[in-house]
Amino acid sequence: MFSSVDGACDSKTVDCDNFSAGRRGTRTPRSDSRDRLLDHTDGDVPETASEASEVRAVGSQVSSPGEREDVRPGVEIEYPAGRQCHSGQKNGKSERLLIKGGRVVNDDLSQYADVYVEDGLIKQVGDNLEVPDDVRVLEVNGCLVIPGGIDVNTCLMKPHLGCSPVDDFYLGSRAALAGGTTMIIDHVTPQPGDSLLEAFELWQESADRKCCCDYSLHVDLPHWHPGVKDELEVLVQEKGINSFQVYMSYKDSFQMTDSQLYEVFSFLKELGAVVMLHAENGDLIAQEQRKVLSLGITGPEGHPLSHPEELEAEAVFRAITIGNRVNCPVYITKVMSKTAADTITQARRRGSVVFGEPITASLATDGSHYWSKNWAKAAAYVTSPPLSPDPTTPEHLHDLLACGDLQVVGSAHCAYSTSQKAIGKDDFTLIPEGTNGIEERMGFVWDKAVATGKMDANQFVAVTSTNTAKIFNLYPRKGRIAVGSDADIVIWDPDRTKTITSKLQQSALEYNIFEGMVCRGGPVVVVTQGRVVYEEGEGLRVQQGSGRFIPRQAFPDYAYQRITTRSKVKGKQGVSRGMYDGPVYDVLATPKYITPSPSAKTSPTSQQPPPIRNLHQSNFSLSGAQFDDNIPRRSGQRIVAPPGGRSNITNLG
Amino acid sequence: MSGHSYQGKKNIPKITSDRLLVKGGRIVNDDQSFYADIYMEDGVIKQIGDNLIVPGGIKTVEANGKMVIPGGIDIHTHFQMPYRGTTTVDDFSQGSKAALAGGTTMIVDHVIPEPGNSLIEAFEQWRSWADEKTCCDYSLHVDITHWNDSVKQEVDTLLKEKGVNSFQVYMAYKDFYQMSNSELYEIFTFLGEMGGIVQVHAENGEIIAEEQARMLEMGITGPEGHVLSRPEELEAEAVFRAITIASQTNCPLYVTRVMSKSAADIISQARKKGNVVFGEPITASLGTDGTHYWSKNWAKAASFVTSPPLSPDPTTPDYLNTLLASGDLNVTGSAHCTFSVAQKAIGKDDFTQIPEGVNGVEERMSLIWDKAVTTGKMDENMFVAVTSTNAAKILNLYPRKGRVSVGSDADLVIWDSDAVRTITAKTHNSAAEFNVFEGMELRGAPSVVICQGKLVLEDGNLHAIPGVGRFIPCTPFPDFAYKRIKARKQLAVLRAVPRGMYDGPVSDFSPMSRGGTPSASARTSPTKQPVRNLHHSAFSLAGNPAQRGPPTTEDLPIRPAGRRIVVPPGGRSNITSLS
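Sequence positions are assigned chain by chain, starting from 1 and proceeding in written order. All chains are assigned letters beginning with A, and all ligands numbers beginning with 1, in the order in which they are written. In keeping with the predicted nature of the model, local features appear solely for residues at pLDDT of at least 70, side-chain atom pairs appear and are counted solely at 80 or more, and the whole-chain, interface and lining totals rest on all residues. Side-chain calculation: all heavy atoms of the structure are included, whereas hydrogens and water are not.

A. A look at the overall build of chain A. Numbering of helices and strands starts at the N terminus; helices are DSSP runs of H or I of at least 4 residues and strands are runs of E of at least 2. For chain A, the count of helices and strands is 19 helices and 18 strands. Only protein chains enter the accessibility calculation, which uses a 1.4 Å probe; a residue whose area is less than 20% of its type maximum is buried, one above 50% is exposed, and one in between is partly exposed. Buried residues in chain A amount to 63% of all 653 residues. Here the open area of atoms and residues is found with the Shrake-Rupley method and a 1.4 Å probe, where only the protein chains shown may cover a residue. Roughly 22,400 Å² of accessible area belongs to chain A as shown, and the carbon and sulfur atoms make up 51% of that amount.

B. Molecular detail of the overall build of chain B. When helices and strands are counted, chain B shows 16 helices and 18 strands. A burial count over chain B gives 64% of its 579 residues as buried. In this analysis, two residues are considered to be in contact whenever any of their non-hydrogen atoms come within 4.5 Å of each other. The contacts in chain B between residues at least 6 apart in sequence include a share of 77% that link residues at least 24 apart. Within the structure as shown, chain B displays about 20,100 Å² of accessible surface, and the carbon and sulfur contribution to it stands at 49%.

C. Local environment of the nonpolar core. Only buried Ala, Val, Leu, Ile, Met, Phe, Trp, Tyr and Cys residues count toward a nonpolar core, and they belong to the same one when joined by side-chain atoms within 4.5 Å. Core analysis: the largest hydrophobic core is formed by 129 residues, its most contacted members being B:Ile144, B:Val155, B:Phe188, B:Val200 and B:Leu253. The greatest single-element share of this core, amounting to eight residues, is contributed by helix α7 (residues 232-249) of chain B. B:Phe188 has contacts with B:Val169, B:Val198, B:Val200, B:Ala242, B:Ile245, B:Ala246, B:Thr249, B:Cys251 and B:Leu253, leaving out every residue within four places of it along the chain. Counting residues in hydrophobic clusters, the runner-up holds 95 residues, among them A:Ile146, A:Leu217, A:Ala279 and A:Val335.

D. Structural context of empty space enclosed by the protein. All names here are of chain B. Every definition here rests on a 1 Å grid over the protein atoms only: cavities are sets of points where a 1.4 Å probe fits but cannot get out, pockets are open sets enclosed by protein on both sides within 12 Å along at least five of seven lines, and lining residues have some atom within 4 Å of a point. Grid points are joined across faces, edges and corners, and a volume is the space filled by probe spheres set on the points. Considering all chains together, one arrives at 13 cavities of 30 Å³ or more under this definition. Taken together, 16 residues form the lining of the largest cavity, with Ser 303, Phe 339, Lys 344, Ala 432 and Phe 434 sitting closest to its centre. Secondary-structure elements contributing two or more residues to the lining of the largest cavity are α10 (298-303) and α12 (341-344). Among the elements that line the lining of the largest cavity, the one with the most residues is α10, at three residues. Note on residue classes: Ala, Val, Leu, Ile, Met, Phe, Trp, Tyr, Cys and Pro are nonpolar, Asp, Glu, Lys and Arg are charged, and everything else, Gly too, is polar. Its residues assigned to classes, the lining of the largest cavity comprises nine nonpolar, five polar and two charged.

E. Quick peek at the sheet that holds strand β7 (residues 181-188) of chain A. Residues and elements named next belong to chain A. For two strands to be treated as a pair, DSSP must find at least two bridges joining them. Read across the open sheet, the seven strands follow the order β6-β7-β8-β9-β10-β11-β12; overall the sheet is parallel. At either margin of the open sheet sits one strand with a lone partner, and together these are β6 (149-154) and β12 (354-358). Between one strand and the next, the sheet's axes are offset by a mean angle of 25°, whatever the strand orientation. Both β7 and strand β8 (residues 214-220) contribute to a ladder of six bridges, which runs parallel. Bridging across to β8, Val 188 finds its partner in Val 219. The axes are straight lines fitted to the C-alpha atoms, using for helices just the contacting stretch, and the angles between their N-to-C directions are given from 0 to 180°. Relative to β12, helix α12 (residues 338-349) is tilted by about 155°, and along the sheet it contacts β11 (330-335) and β12.

F. Structural detail: the environment of A:Ala207. All names here are of chain A. Within the secondary structure, Ala 207 is located in helix α6 (residues 196-210). In the structure, Ala 207 is positioned 100 residues away from Asp 107 in sequence and 29 Å away in space, judged by C-alpha atoms. When residues no more than four places from it in sequence are discounted, the contact partners of Ala 207 are Phe 169 and Tyr 215.

G. Quick look at the packing of aromatic side chains. All names here are of chain B. Centres within 6.5 Å make a pair out of two Phe, Tyr or Trp rings, where for Trp the six-membered ring is used; the pair is then stacked when the planes are under 30 degrees apart, edge-to-face when over 60, and tilted otherwise. Tallied over the full model, the rule gives 32 aromatic pairs over all chains. The interplanar angle of 65° and the centroid separation of 5.4 Å between the aromatic rings of Tyr 83 and Phe 339 together place this pair among those described as edge-to-face. Taken as a pair, Tyr 83 in strand β7 (residues 82-83) and Phe 339 in the loop between α11 (316-326) and α12 lie far apart in primary sequence, 256 residues in all. The buried category is assigned to Tyr 83, whose relative accessible area is 18%. Overall, the relative accessible area of 6% leaves Phe 339 in the buried class.

H. Spatial organisation of the pattern of salt bridges. Residues and elements named next belong to chain A. Salt bridge, as applied in this entry: a Lys or Arg side-chain nitrogen positioned within 4 Å of an Asp or Glu carboxyl oxygen. The full count for this structure, using the stated rule, is 62 salt bridges over all chains. Salt-bridge contacts for Asp 114 lead to Lys 100; the nearest nitrogen and oxygen are separated by 3.7 Å. Placement of Asp 114 in strand β2 (residues 110-118) and of Lys 100 in strand β1 (residues 97-105) is noted, with a sequence separation of 14 residues between them. Residue Asp 405 is joined to Arg 349 by a salt bridge in which the shortest nitrogen-to-oxygen separation is 2.8 Å. Here the residue Asp 405 occupies a position in the loop between α15 (393-403) and α16 (418-421), and Arg 349 occupies one in helix α12, the gap between them amounting to 56 residues. Overall, the relative accessible area of 7% leaves Asp 405 in the buried class. Judged by relative accessible area, Arg 349 falls into the exposed class, the value being 61%. Ionic contacts of the salt-bridge type, sharing partners, join the residues Asp 214, Arg 477, Lys 478, Asp 486, Asp 488 and Arg 548 into one network.

I. Geometry of the sheet that holds strand β12 (residues 197-201) of chain B. Residues and elements named next belong to chain B. One open sheet holds the seven strands; their spatial order is β6-β9-β10-β11-β12-β13-β14, and the pairing between them is parallel. Edge positions in the sheet fall to β6 (72-77) and β14 (277-281), since each has one partner strand and no second. Going from strand to strand, the sheet's axes swing by 25° on average, the running direction of each strand aside. In terms of strand pairing, strand β10 (residues 137-143) meets strand β11 (residues 166-170) through two bridges, oriented parallel. Following the sheet pairing, Asp 143 is matched in β11 by Gln 168.

J. Expanded view of the packing of helix α1 (residues 92-101) of chain B against helix α2 (residues 119-133) of chain B. Residue and element names in this part refer to chain B. Between α1 and α2, the least distance of the axes is 8 Å, while the angle of their chain directions is 60°. Classified by the angle between their axes, α1 and α2 sit oblique to one another. Viewed along their axes, α1 and α2 form a crossing whose handedness is right-handed. Contact residues: α1 offers Phe 92, Ser 93 and Ser 96, while α2 offers Trp 126, Trp 129, Ala 130 and Lys 133. Just so you know how the angles are binned, under 35 degrees is roughly parallel, over 145 roughly antiparallel, 65 to 115 roughly perpendicular, and the rest oblique. Two helices cross in a left-handed way if the nearer one is turned anticlockwise from the farther one by less than a right angle. They cross in a right-handed way if the turn is clockwise.

K. Main features of the packing of helix α8 (residues 258-271) of chain A against helix α11 (residues 309-326) of chain A. All names here are of chain A. Relative to each other, α8 and α11 sit at 50°, their axes nearing to 10 Å. Viewed along their axes, α8 and α11 adopt a mutual orientation that is oblique. The handedness of the crossing between α8 and α11 comes out as right-handed. Listed contacts from α11 to Asp 258, Leu 261, Tyr 262, Phe 265, Ser 266 and Lys 269 of α8 are Arg 318, Ala 319, Ile 322, Gly 323, Arg 325 and Val 326. In terms of residue class, the contact of α8 with α11 is built from six nonpolar, two polar and four charged.

L. Geometry of the UniProt feature "domain: Amidohydrolase-related" (unreviewed entry) in chain A. UniProt positions are given in the numbering used here, feature names are shortened, and annotations may be inferred rather than shown by experiment. UniProt annotation of "domain: Amidohydrolase-related" (unreviewed entry) refers to residues 168-533 of chain A when read in the numbering used here. Summarising residues 168-533 of chain A: 41% helix, 17% strand, and an end-to-end C-alpha distance of 19 Å.

M. Fine view of α12(A). Helix span, expected: 1.5 Å multiplied by one less than the number of residues in the helix. With twelve residues, α12(A) should reach 16 Å at 1.5 Å per residue; the first-to-last C-alpha distance of 16 Å fits that figure. Every buried residue of α12(A) is accounted for by A:Ala340, A:Ala341, A:Thr343, A:Ile344, A:Thr345 and A:Ala347. Considering only its buried residues, α12(A) is in contact with α11, β11, β12 and α15 of chain A together with α7 of chain B. Once α12(A) ends, the next one or two residues include A:Gly351, with phi positive near 100°.

N. Representation of the side chain of A:Asp168. Summarising the element assignment, A:Asp168 is placed in the loop between β6 and α5 (169-178). Pairs of N or O atoms within 3.5 Å make up the polar contacts considered here, provided that, within protein, one atom can donate a hydrogen while the other can accept it, and that residues adjacent in sequence are counted only when both atoms are side-chain atoms. Of the polar contacts made by the side chain of A:Asp168, one reaches the side chain of A:Lys210; its length is 3.3 Å.

O. Just the UniProt feature "domain: Amidohydrolase-related" (unreviewed entry) in chain B, in detail. Following the UniProt record, the feature "domain: Amidohydrolase-related" (unreviewed entry) maps to residues 67-456 of chain B here. Between the first and last C-alpha atoms of residues 67-456 of chain B the distance is 17 Å; the span itself is 39% helix and 19% strand.

P. Structural view of helix α14 (residues 380-394) of chain B. All names here are of chain B. Between its first and last C-alpha atoms α14 spans 20 Å; for 15 residues at 1.5 Å apiece the expected length is 21 Å, and the two agree. At Val 386, α14 shows its maximal kink, close to 50°. The buried fraction of α14 amounts to 13 of the 15 residues, a majority that puts the element mostly inside the structure. Regarding α14, its N-cap is Asp 379, as a side-chain oxygen of that residue lies 3.2 Å from the backbone nitrogen of Asn 381 further along. In the segment just after α14, Asn 396 is the residue with positive phi, at about 65°. What is called the bend at a residue is the angle between a pair of axes, fitted to the seven residues leading up to and ending at it and to the seven starting from it.

Quick look at the structure:
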């Protein structure tokens, strides 16, 4: 698995000077996005020839990850000794990097150590490393060296009524890198009736062309029928997808019934995939929306009013119940409210295998803004489940993240511009749902949890990166600083402060829902695939299309080990007992009102296995005789000793 | 006992001129206990106190210091219930006799119309069965087995004219009785407005159907399959969902048959959060557990089959009794629904076909006394509350029923807390061959039962007369459930935020199935009165997003250029720009 990375990484050689020159005219991310929006057909055409060829090369490789090693170019160019660090990868070679003097923080321990990176992999971790002379040295002066963040929930291509989000894979991944996130997992969202495979390929193709960091994909199930099963099998076994989202909300479009959920869970469990749930009760939401609209409430405040957090908690509870029945791990996306989080907590106490994912928005802000007088601002907060109007929610969610009851942090970054949000200006149910957060994610967890003493730095690494890697089977390639892992590294400065504003963000959105908030902690250097892509003060140096699709194997241990064991020990067994041979009331199967005729038929006894001692059997014994001990059915009793062994029938043993 | 000759006359307030004096008893109500004599006449308690002045020559019952409690109300029975062409073996006469023998002087039976049939016709059918045979006063719940506008009309009639204030809906029995969430929402909304009590049979029918199919596939066909396919989680899930819907619709909720710890926990958590929800454990869940489903004796195992099933966790009864004592669960029923072994054997090859139901109408009072009061969990006042008073309050029959006070119906029980009896199918009053409490020794039993002012149980002899039971109409909006609901209704008014219409550009979009063609127009909305909204945030965005960076071609239509500020009649409001 690791070897394939080398080739893919080496192949991404590009002349950076040319690259940046080509981008000069389109510095501001905003205008860049406009170009893109304006011209969908050729807006993504790379600006320079070198990049264009590069993109093509990458695209061809990523479509078949297994073949990557073969196309390894094998170029080995020695760096001139004493090369200037800041000029970066002038020769188009992935850098050899030595990160010196940092405190390496993994989810389990922190240690002072140097990290040596070559070919996009971490080659050495320790003190006094023996490294070549020509490496670039990053002196980090005691800053934290952490595994790059993994944003487990992004929607960079999710269509809504024909609109695409303004942040596509390029802008979205740029924003991710600027915030210290070096890998994203995006949701493939086919519409009901679409082919999952086609949608997956569409997403993958687009991401291969545009994404600047490694990525993987979740696939959402918009419908359920037997044909989907075949597609799921292909996705899991051949395409490297091990997580699928189902919806309990969006009545009459994405929503699944409990029976369908049961089937989906059962099927995905067999495949070893993780079931992700959008947990809200869609039936009730539809009712509430009707009610709220009938009251004349059409603005964004109608959104939280018709999506009360109880409905989120209810759906979470139901999802966990079904998960328990099927014995399948359950992953709740977008935990937005205290009650939903508490429901997850309680289920974990009872031993359920359930994971909860709060998002940047639910961790940093609240739903009071839906009542803003400014329509555009209120609409910017619209997402489902909605932000809770309870202002103590973020704190509570951070507490649960810190203690491990919630495990991962996503951003659910799904950026719709104000004019797109305005589709719902007369009817809140039409407002496209989604908030920003991909860039702010790491910062706010640090600011709200680590800087306040709720959480230590190790847990920070766990919730922003390691746990995601574990749940989705990317660990230890991602989510850890260790020899052999991908060189996705963030140098984190706990003391840096930054004021969030849409003027300085990478996203193309006009509104940033965290506008004006001050955030302590942030990345000073971001390294992805062994290359420095972000340096404080220097900005981003990314390469469109350099992100690789990271396939994921089924049956992640973190989610499935317990499940597998439980499947083995929890086999159900019938009680071996003789056939009932007393009288049976005659009924016809379906029609309800039929004249009964009590007959005393003897049932044919079938072969019985030898009576096994059943541990479920009660040791409680009735001390008295039963009413039927004394006849009438005795007369007709016929004791049959079946070949397999003697069995007792209606009388007590 | 001359009064007994008046058999067959119903609904006449003065059935007899029985006069009765209970002397020397300790009256126990749900709020206090005190020593006093009780004089009753014409089925009503006329005087309570010491040294009462009563007519001479009346029959006097010496209580000898024993407790005199209001007769029990069994809020959940299924007597004479039709099931696939057969009926339960205890009809209204047999069942109410058993009730009286156990100290219960009123029963509330469930009317179960077949899906598609008229609710009112079914109600009249049950009335005629019960009027003919019942030996004690009764009332009826009506189950809503399907939902449409005509059913709505019938429910309205039942509530307003027929004296029914409680309706049961099912979350289980897929493709049969089961209601969808949307239907539940509509029913809850409707009953919440009309003052009815929603009772739910809380189990997730869809998952049960899946689990049943799985069990049968695995070759498990015996009664243990019943409990394996209906794990208590599914009960808890449905309770949780029902509470959520009730809370959304602001409607009081009554959960019938609380059978498991997890379901009971959900109820008590919801009560702590302020939801108006009542839980009803039944005799079986308070007295026994589900380990018997694994009995080698098919007939015995089948006799425990009921839905939701008894929990295999043997600590369940203790736990439920504790919650009953603490007030988290409020009322007790028996869900008495007895089938003979031959009837149960309909499902001998397939547990899903076993008719569901257990006995318990006779054992209910004694069992709670034995498990809760003698163990010190509960005091005698609470005992009265959970066996009688709370039920009367929910049915809006209090204080006519559920209390020993002047003017109340003369339904009294002299309770002998020292009596010990062993439950067995040989001596019980039900017609069932099995008793799920077989062999239990229960302390506490009625020594005298007075129903409608007449002695029906004395010296161990039962003198129940079929047909004397009256239908007691229940009225809507019981205070016990609705006072809080009404207050909340006034508070929970949703208001829109008065703001100007958004007047910026609107993206083109392809409407899916949701609405008509959108028009990117800048219409002004009719604004409401600007009410100060407490939800409104004080948070303000610093900086104007319109000013970030030089405007590109795309920016122009978005902001200032196309801006048109409209001042609506209701007041000034800022629109897309930040103030």
